[in-house]
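Topology and contacts: notes
Here are the chains, one letter per residue:
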Amino acid sequence: DLFGIWYLPLPDGQRNLNIKARFGISDGAPFGEKAYHVGGGELLRGLDSNTASGDMQALFNIEYKQGFFAYPLWRWVAFADIGNVHDRNEFKLIEQKVGLGFGLRRKIASLTNTDLRIDFAWDADRRRVQTYVSTNLTF
C-alpha cells in the first residue's frame, strides 16, 4: 500500500487544501474476501458503502476547506473523490468512479475536541445525492 496525505494551508487565513492519495495491491484478504472496498463517507463519497471490491485500489481525495470568518468553529468544504477498485488482472486506471460535493464542519471542543460533519455528495453514475453525517472526517 502507498498512502499519502498533504495539508496545504492557503494564504489569507482560515482555509486550506487537503489532498489524499492511495494505491494498493493485495493477493487477497483472509477467508477469500476482497482486500479493498470503495464507497461510503470515508473513501469515496457519493457511492453507497462497499459499492465495489477488488484486490487493487487507486483513490484520490481532494478538499478545499474554509472557515466562516465570523464563526471560526464552522467551516465549509468542497470536495472531489476519484477512485475505484479492481481485480488484479482487470485493473484499468481510466475506469474511475467520481463523487463531487460540499459539506459543513463544526468543531465541538467542549465534548472531545472532535468535528461534526455533514456532506452532500453527487454520484455521477447514479445521478443522485448521498448524505453523510458523522463525527469522522475524511482527512
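Coordinates for the structure precede this section.
Read on for a plain summary of the structure. (Residues numbered from 1 in each chain as written. Predicted model: local features only at pLDDT ≥ 70, side-chain atom pairs only at ≥ 80, totals over all residues. Heavy atoms only, no water.)

Some remarks on the pairing of strand β9 (residues 128-134)
Within a regular strand, the side chains alternate between the two sheet faces. Taken together, the seven bridges between strand β8 (residues 114-123) and β9 define a ladder with antiparallel strand orientation. Counterpart to isoleucine 118 in the pairing with β9 is valine 133. Count of turn residues in the β8/β9 antiparallel hairpin: four residues, of which arginine 127 carries a positive phi of about 55°. (Pairing = 2+ DSSP bridges. Helix = DSSP H or I, 4+ residues; strand = E, 2+ residues; numbered from the N terminus.)

Description of the side chain of arginine 105
Checked against the element boundaries, arginine 105 lands in strand β7 (residues 97-108). In this structure the side chain of arginine 105 is engaged in a polar contact, spanning 3.2 Å, whose partner is the side chain of glutamate 63. A polar contact of 2.6 Å, which involves the side chain of arginine 105, links it to the side chain of aspartate 119. (Polar contact = N/O pair within 3.5 Å; in protein donor to acceptor, adjacent residues only side chain to side chain.)

Details of the sheet that holds strand β6 (residues 71-86)
The strand order β1-β2-β5-β6-β7-β8-β9 describes an open sheet built from seven strands, whose pairing is antiparallel. Across the chains shown, the open sheet's two edge strands, defined by having one partner strand only, are β1 (2-9) and β9. On average, each strand axis in the sheet is inclined to that of its neighbour by 15°, with strand direction left out of account. (Axes fitted to C-alpha atoms, helices over the stretch in contact; angles between N-to-C directions.)

A few points about the packing of aromatic side chains
Going through the model one piece at a time under the given rule, you end up with two aromatic pairs. Residues tyrosine 64 and tryptophan 76 carry aromatic rings whose centres are separated by 5.5 Å and whose planes lie at 55° to one another, so their mutual orientation is tilted. With tyrosine 64 in strand β5 (residues 56-68) and tryptophan 76 in strand β6, this residue pair connects regions lying 12 residues apart in the sequence. On the basis of relative accessible area, tyrosine 64 is assigned to the partly exposed category, the value being 21%. Note that arginine 45 overlies the ring of phenylalanine 79, its terminal NZ or CZ placed 3.7 Å from the centroid. (Phe/Tyr/Trp six-rings, centres within 6.5 Å; stacked < 30°, edge-to-face > 60°. Buried < 20%, exposed > 50% of the residue type's maximum accessible area, 1.4 Å probe, protein only. Lys NZ or Arg CZ within 6 Å of the ring centre and 35° of its normal.)

Quick look at the environment of glycine 41
For glycine 41, the position within the fold is in the loop between β3 (36-38) and β4 (52-54). Classification of glycine 41 as buried rests on a relative accessible area of 13%. On a C-alpha basis, the gap between glycine 41 and tyrosine 132 in space is 6.0 Å, while along the polypeptide they are 91 residues apart.

Some details on the nonpolar core
Counting eight residues, the largest nonpolar core consists of Tyr36, Val38, Leu43, Leu44, Leu47, Ala52, Leu59 and Val85. Not counting chain neighbours up to four residues away, the residues in contact with leucine 43 comprise Arg22, His37, Val38, Gln57, Leu59, Asn61 and Asp81. (Core = buried A, V, L, I, M, F, W, Y, C linked by side-chain atoms within 4.5 Å. Contact = heavy atoms within 4.5 Å.)

Thoughts on the pattern of salt bridges
Evaluation of the coordinates by the stated rule reveals 14 salt bridges. The partner of lysine 34 in a salt bridge is aspartate 87, with the nearest N and O atoms 2.9 Å apart. Note that lysine 34 is positioned in the loop between β2 (15-25) and β3 and aspartate 87 in the loop between β6 and β7, a separation of 53 residues in sequence. For aspartate 119, the salt bridge is made with arginine 105, and the minimal N-O distance between the two is 2.6 Å. Separated by 14 residues along the polypeptide, aspartate 119 in strand β8 and arginine 105 in strand β7 bring together distant segments of the chain. Among the residues examined, aspartate 119 registers a relative accessible area of 0% and is labelled buried. Among the ionic contacts, a cluster of salt bridges with common partners joins Glu42, Arg45, Glu63, Asp81, Arg105, Arg117 and Asp119. (Salt bridge = Lys/Arg side-chain N within 4 Å of Asp/Glu carboxyl O.)

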